[in-house]
Amino acid sequence: MVTTSSSTEESAVAERDRTTDEVAAIGLARVVKSYRSGSETVRAVGGVDLEIARGEFFSLLGPSGCGKTTTMRMIAGFEEPTEGVVRLSGRDVTGVPANHRDVNMVFQSYALFPHMSVAANVAFGLERKRVPKAEVKSRVAAMLELVELGHRARHRPAQLSGGQQQRVALARALVNEPGALLLDEPLGALDLKLRQSMQVELKRIQREVGITFVYVTHDQGEALTMSDRVAVMNNGLVEQLGTPAEIYERPATRFVADFIGTSNLLTGTVAGSDTAGRHRIDLESGATALSTALPPGVATGSTVHLTVRPEKVRMGTEPPTAADAPDGPACSLRGTVTETVYMGASTHYQVALDGGVEISVFRQNSSDSTLVAERGAPVWVWWDPRHSYALPS
Amino acid sequence: MSAHLGTEAASGRGRTAPAAPARTVRPRRRIDWGRYYTWLVLAWLFTPILFMVAFSFNDPAGKHNITWQGFTFRWYANAFAHPTLNEAMFNSVSIALLSMVIAGVLGSLLGLALGRFSFRGKQLTNLVMFSAISAPEVVLGAALLSTFLMMNVTTGYWTTVIAHVMFCVSFVAITVRARVITLDPALEEAARDLGAGPFTTFRLVTLPMLFPAIMAGGLLAFALSIDDYIITTFVSGDVTTFPLWVWGSTRVGIPPQVNVMGTLLFGVGVLMAVVNVVMARRRS
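Residues numbered from 1 in each chain as written. Chains lettered and ligands numbered in written order. Predicted model: local features only at pLDDT ≥ 70, side-chain atom pairs only at ≥ 80, totals over all residues.

1. Details of the interface of chain B and chain A
For interface size, the figure often reported is the accessible area lost on association. Where we set the bar: Residue pairs qualify as contacts under a 7 Å threshold applied to their C-beta atoms, which are placed from the backbone. Here the nonpolar group is Ala, Val, Leu, Ile, Met, Phe, Trp, Tyr, Cys and Pro; Asp, Glu, Lys and Arg are the charged ones; every other residue, Gly included, is treated as polar.
Taken together, the contact between chain B and chain A spans 16 residues of the former and 17 residues of the latter. Of the residues assigned to the side of chain B that touches chain A, the class counts are eight nonpolar, three polar and five charged.

2. A word on the sheet that holds strand β5 (residues 91-92) of chain A
Where strands meet in a sheet, backbone hydrogen bonds hold them as pairs that are either parallel or antiparallel. Residue and element names in this part refer to chain A. Our working definition: Pairs of strands are assigned from DSSP output, requiring at least two bridges between the strands. Helix and strand definitions here come from DSSP, where helices need a minimum of 4 consecutive H or I residues and strands a minimum of 2 consecutive E residues; each element is numbered from the N-terminal end.
A sheet is described by the order of its strands in space; here four strands give the open sequence β2-β1-β4-β5, paired in antiparallel fashion. Strands with a single pairing partner mark the edges of an open sheet, and in this sheet they are β2 (40-52) and β5. For strand β4 (residues 83-88) and β5, the ladder comprises two bridges, and the chain directions are antiparallel. Paired with L88 across the two strands is R91, which belongs to β5.

3. What about the sheet that holds strand β20 (residues 388-392) of chain A?
Residues and elements named next belong to chain A. Stated formally: The axes are straight lines fitted to the C-alpha atoms, using for helices just the contacting stretch, and the angles between their N-to-C directions are given from 0 to 180°.
The five strands lie next to each other as β13-β12-β11-β14-β20, forming an open sheet whose pairing is antiparallel. Where the open sheet ends on each side, the last strands, each with one partner, are β13 (288-291) and β20. Strand-to-strand, the axes of this sheet are offset by a mean angle of 45°, without reference to chain direction. As judged from the six bridges shared by strand β11 (residues 264-273) and strand β14 (residues 303-308), these two strands associate in the antiparallel manner. Residue pairing across strands places G268 opposite V304, the latter belonging to β14.

4. Regarding the pairing of strand β7 (residues 180-184) of chain A
Residue and element names in this part refer to chain A. This is how it is decided: With C-beta atoms placed from the backbone, a residue is buried if 20 or more other C-beta atoms are within 10 Å of its own, exposed if 12 or fewer are, and partly exposed between those counts.
Burial of β7 is extensive: five of the five residues sit out of reach of the surface. Because side chains alternate across β7, one face comprises the buried residues A180, L182 and D184, and the other comprises L181 and L183, equally buried. In this sheet, β7 lies alongside strand β6 (residues 103-106) in parallel orientation, the contact comprising four bridges. For V106, the partnering residue across the bridge sits in β7 and is L183. Alignment of β7 against strand β8 (residues 212-217), held across five bridges, turns out to be parallel. Bridge pairing in β8 places D184 opposite V216.

5. Observations regarding the packing of helix α4 (residues 83-116) of chain B against helix α7 (residues 157-182) of chain B
The packing of two helices is summarised by the inter-axis angle and the distance between the axes. All names here are of chain B. How we decide: Roughly parallel refers to an angle under 35 degrees, roughly antiparallel to one over 145, roughly perpendicular to one between 65 and 115, and oblique to any angle outside these ranges. Note: crossing handedness is left-handed where the near helix turns anticlockwise from the far helix by less than a right angle, and right-handed where it turns clockwise.
The contact between α4 and α7 brings their axes to 5 Å, and the two run at 40°. As far as their axial angle goes, α7 and α4 are oblique. The element α4 and its partner α7 pack so that their crossing is right-handed.

6. Some thoughts on the domain arrangement of chain A
Residues and elements named next belong to chain A. Filter applied, for reference: These domain boundaries are the output of an automatic or database domain assignment.
By the assigned domains, chain A splits into domain 1 (22-254) and domain 2 (262-392). The C-alpha centroid of domain 2 is placed 39 Å from the C-alpha centroid of domain 1. Residue-level contacts link four residues of domain 1 with four residues of domain 2. For the side of domain 1 that touches domain 2, the class distribution of residues is one nonpolar, one polar and two charged.

Printed below as a string of structure tokens:
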């Protein structure tokens, strides 16, 4: 697909010592970006290492100010790292200006040229590369077909709807067949329905063109549904790097557990391990819980946060029996239902545990008896030890 | 507005208490003050111009073209009968065009710098720019004259151009700066991202986006220059411009050709404004 000079460079590299697959499309090595703000220096990005594979849909996820946009702008060439190296297809591009980098960007504001037609916008990049006129025309037409805007080629951007402008911005970047496409919160300005259909659309286009996508977002749902891998960023650092399932199922830090989805956090002390390799954690409330995984460097006696997702928590009006938890429950805690919220497909409960901590419990409304317990009812909650993880405090 | 609310309130009451006798609400005539005010302002603006145009068709009895005598096209046929007036008009137009171009270029660059970058002395530049606009023209004119005298420059055509450029630059810069500030910086980044170097980016993206503001600033400079009297009297030496000629001829009676030229100038101005609107409409 990509037939620019970079692919010949790659094959040269491949012949030398490794296969093409091993050369990351994008590589960041100890990248730091700091700004001077008055007398103090602010670190926007504080040492990020990333390897993004060819053809991967990669998301940088985090709250605003976490450094995700700055990281992307350093890949695009709009910002130069204070320290560290940026590589594209194995080539060091640190210090190379944006117009000489084989990546293209879709801007949050779309940044379509308002004085040019849709077709002229899409042709802009190819014309800069001095692609022959006839080829420009056919490639622009083909790209506008891909984003289903062939009939809008002669219009001005201002005459299009938000979703259509978004697709023009995508086409304008993709038509150049870049080594990687950078998307800076591209769906942020769209309403919910359109955003959801564009998520599907983006994924389809990415599969069809096979180009590496780097996607910056603060929307965890977007990152989880579309990405092959996600880097969760906070305070200029990557907190966790992994597949959406890894990030969701095994959050590595308390920040990730909090930021992605809903988590119940119970504070306790590691009391010891049993023969099955499970760790006993004495909770603050006095109860005991079991966990299969302990973070590295956490020894017996240290304080940890035990995390368990609300949909993994089971609940009943009686203590769990052997049939309810064949491997034995990780714990069985007593509490009182303080709130029930009917959500259609599921019901959300807030349960105040004896000892003060409140946890969330999600139950699928799969049977006729939707409500397990009314508000104010005493309940028991438990979960499988494999579904709870201890995080360092 | 109030009448409208009144009917609604009445019908609302009718619904909640059907037993109450239906009240007939007499529709009150609304006086559209906004409309009258608009016409008043337009009349205020255009009456002098209408008089100027009308008196270019007047056939005055004596030297003074101040009372309506009769209709004639004579002055249009002899529009260029006063050689010194022609020369003054030519001076005014050429000085205005030069000021427009020079102040247009300098002011655009200044506006771009002030709107885009932060640099040492930016606030000072802003201050100087606004003081150039707000300073009384008499003071500026006198100061310029003493500057030229001190530097041993003979005042004339080019000192007038310099003076006009000086007071026009600020207007252009402010117009362009306002546009630069509202420009999305991502537009230029997008151009860079798509492979355009700094110069190509400026030519293909920045300049076309700023063009309406540059045009507006340039036309403003032209308009300010062509009818400037006060500063020009100080720095023009023995060069006469149109406003100076008109002022000089008041004692002996202003010939109707002045009205003719004024009308033509006004016509060109209207034409340019119309072209600008049409172009802007076609762009969007």
